[in-house]
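# Observations on chain architecture
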Amino acid sequence: MKKIDHRAFVCRILALLLAAGLGLFVVRWFLYGGDWASSAFNRHLYNSAGELASGTVLDRDGDILSWVEDGSRRYYDDATVRKATLHVVGDLQGNIGTGALNAFADKLTGFDLINGAFAAQSGGSLYLTIDAYYNYVAYQALNGKSGTVAVYNYQTGEILCLVSSPSYDPLNIPDDLETSERYEGAYLNRFLSSTFTPGSIFKTVTLAAAIENIPDLLNRSWTCSGSVEIDGDVITCSGTHGEQDIYQALANSCNVAFGLISQELGADTLERYAEKAGLTSSYSINGLPTAKGSVNLDGASGSDLAWAGVGQYLDQVNPCAMMIYMGAIANGGKAAIPRIILKSVDSLGIPTSLNWTKKSKALIDSDTADLMADMMANNVQSTYGTSRFPNMDLCAKSGTAEVGTDQSPHAWFTGFLRNEDAPYAFIVLVENGGGGSSVAGTVAGKVLNVMVNGY
């Protein structure tokens, strides 16, 4: 009798383990079934050259960016468009991890949880949120420089423009792609997967902290004589700004004023506000993770803290996270999480995915956001020039990030539009490009002018 009871107990344990394993498999099938089915090991989805032989990639207007013809994958006719959209469409070899051909192969094969990839022969159509023409304009505006340009709708999350450079033509791969310095990091999507020294665009974080922690901030003034000594180190400024209030200090991007403000706020406050702004977090863009930024002030001296508050020292930010922060300032504290998939349909036009708008947590308090938006609009009016951005209620901040004595600084320009019919936030980075307003601001102006004014 004891043997029977023991065997029954063992059978129950085995049955429970089997049920648990089956349950785990079902959960993982729901979560990762598409990845399994579209794996490169599933050879009937790929041709002899290793190219995904199923599915069509289109932009938001229906322009076909990549398709399959006679068993081979094709791309858009124009070489510049192919380069401008490489990091969102993908390459034939699968080296661009963020490209649709690699990241969203399950959508292109028409995968579903019931039928798997049996419909792969007819394939599916994947519509991206980008407009290929906007990418074309942005890529041309970068003019061969490394960097990234992105614009998204902070209310819906749709990424309308996303360019990463250097890029290359996936149909005519350069012989020196792996060895030439000009193609360094060509496989990398700088918008999603990189972090950089932010320079003065980080002053928007320092400003948010100051508004909420220095009660008389709006009644204060700071005198800039070109530099200030803090803890034996000289904090230099780009100019001699004289006496200025906080509006003027931001418009002048004054390192003296913001260095002193940073020292007054303290390390814990700066770190806390960088975290609150989402700059040290990773976002998921249709399942593609962004790189985490960092603001580490452990053991920082007073001068280190001053440099960190103006976006130098050890500060690192991800361009996508900074763009979302801009969207949150524009949108009263929360912004839509960016997405790159507009929709996907099977060969019969039946939707194969659900795409909805997801909101971020509160990245900034609403009253602070409103005040900062006005201050950033003042930057444009008093420093950058409204004529460069016609028909736009633009709020912006430039940045010129020092990255070494032997290198030109990174040029940044970021912000948002308050136009009701164009609720866009944007980020422009030109690596080693020089001045933020003059270089990155010019790139931003060209892209936004096309998007808002059509030229």
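Residues numbered from 1 in each chain as written. Predicted model: local features only at pLDDT ≥ 70, side-chain atom pairs only at ≥ 80, totals over all residues. Heavy atoms only, no water.

This part covers the overall build of the protein. Each helix and strand counted, the protein has 15 helices and 16 strands in total. Here the protein, with 455 residues, has 53% of them falling under the buried criterion. For the protein, restricting intrachain contacts to residue pairs at least 6 apart in sequence, the fraction spanning at least 24 positions comes to 65%. Working note: accessible area of the protein is about 19800 Å², and carbon and sulfur atoms make up 50% of it. (Helix = DSSP H or I, 4+ residues; strand = E, 2+ residues; numbered from the N terminus. Buried < 20%, exposed > 50% of the residue type's maximum accessible area, 1.4 Å probe, protein only. Contact = heavy atoms within 4.5 Å. Areas by Shrake-Rupley, 256 points an atom, 1.4 Å probe, with all protein chains shown as cover.)

Right, let's talk about the confidence of the model for the protein for a bit. Taken over all residues, the pLDDT of the protein has a mean of 89, while the share at 70 or more is 87%. Segment residues 25–39 is flagged for pLDDT under 50; beyond a separation of four residues in sequence, or across chains, it makes 19 contacts in the model. (pLDDT = per-residue confidence, 0-100.)

One finds Leu128, Phe191, Leu279, Tyr325, Ile329 and Phe416 to be the most contacted residues of the largest nonpolar core, which totals 93 residues. In terms of residues, this core owes the most to one element, helix α13 (residues 319–330), which gives 9 residues. Discounting chain neighbours no more than four positions away, the residues touching Tyr325 are Thr204, Val205, Ala208, Ala277, Leu279, Leu363, Ile364 and Met372. (Core = buried A, V, L, I, M, F, W, Y, C linked by side-chain atoms within 4.5 Å.)

Packing of helix α6 (residues 132–142) against helix α15 (residues 436–453) brings their axes to within 9 Å, and their N-to-C directions diverge by 160°. Accordingly, the angle class assigned to the pair α6 and α15 is roughly antiparallel. Like other packed secondary-structure pairs, α6 and α15 cross with a definite hand, here right-handed. Touching Tyr133, Tyr134, Val137, Ala138 and Ala141 of α6 are Val443, Lys446, Val447, Val450 and Met451, all from α15. Partitioning the contact of α6 with α15 into residue classes produces 9 nonpolar, no polar and 1 charged. (Axes fitted to C-alpha atoms, helices over the stretch in contact; angles between N-to-C directions. Parallel < 35°, antiparallel > 145°, perpendicular 65-115°, else oblique. Left-handed = near helix turned anticlockwise from the far one by under 90°. Nonpolar A, V, L, I, M, F, W, Y, C, P; charged D, E, K, R; others polar.)

So, about the sheet that holds strand β16 (residues 424–430). Strand order in this open sheet of 5 strands is β6-β5-β16-β15-β14, and the pairing throughout is antiparallel. Strand pairing shows two members of the sheet lacking a second neighbour, β6 (159–165) and β14 (394–401), which therefore form its edges. When the angles between neighbouring strand axes are averaged without regard to direction, this sheet yields 5°. Note that β14 and strand β15 (residues 410–417) share 8 bridges and pair antiparallel. For Ala396, the partnering residue across the bridge sits in β15 and is Gly415. (Pairing = 2+ DSSP bridges.)

The buried fraction of helix α10 (residues 255–265) amounts to 8 of the 11 residues, a majority that puts the element mostly inside the structure. Of the residues making up α10, those classed as buried are Asn255, Val256, Ala257, Phe258, Gly259, Ile261, Ser262 and Leu265. At the exit of α10 stands Gly266, carrying a positive phi of roughly 95°.

Considering all chains together, one arrives at 12 salt bridges under this definition. Between Asp106 and Lys107 there is a salt bridge, and its shortest N-O distance comes to 3.6 Å. For the pair shown, Asp106 and Lys107 are each scored as buried. Two residues, Arg220 and Glu264, come together in a salt bridge whose shortest N-O distance is 2.8 Å. Here Arg220 is found in the loop between α8 (203–213) and β7 (222–224), whereas its partner Glu264 is found in helix α10, with 44 residues between them in sequence. Overall, Glu264 belongs to the partly exposed group, its relative accessible area being 43%. In the salt-bridge network here, residues are joined through shared partners; they are Arg60, Glu158 and Arg339. (Salt bridge = Lys/Arg side-chain N within 4 Å of Asp/Glu carboxyl O.)

Here strand β1 (residues 56–58) runs beside strand β4 (residues 125–128); their pairing, made up of 3 bridges, is parallel. Paired with Val57 across the bridge in β4 is Leu126. Note: β4 against strand β13 (residues 341–345), 4 bridges, orientation antiparallel. Its bridge partner being in β13, Tyr127 is matched across the sheet by Lys343.

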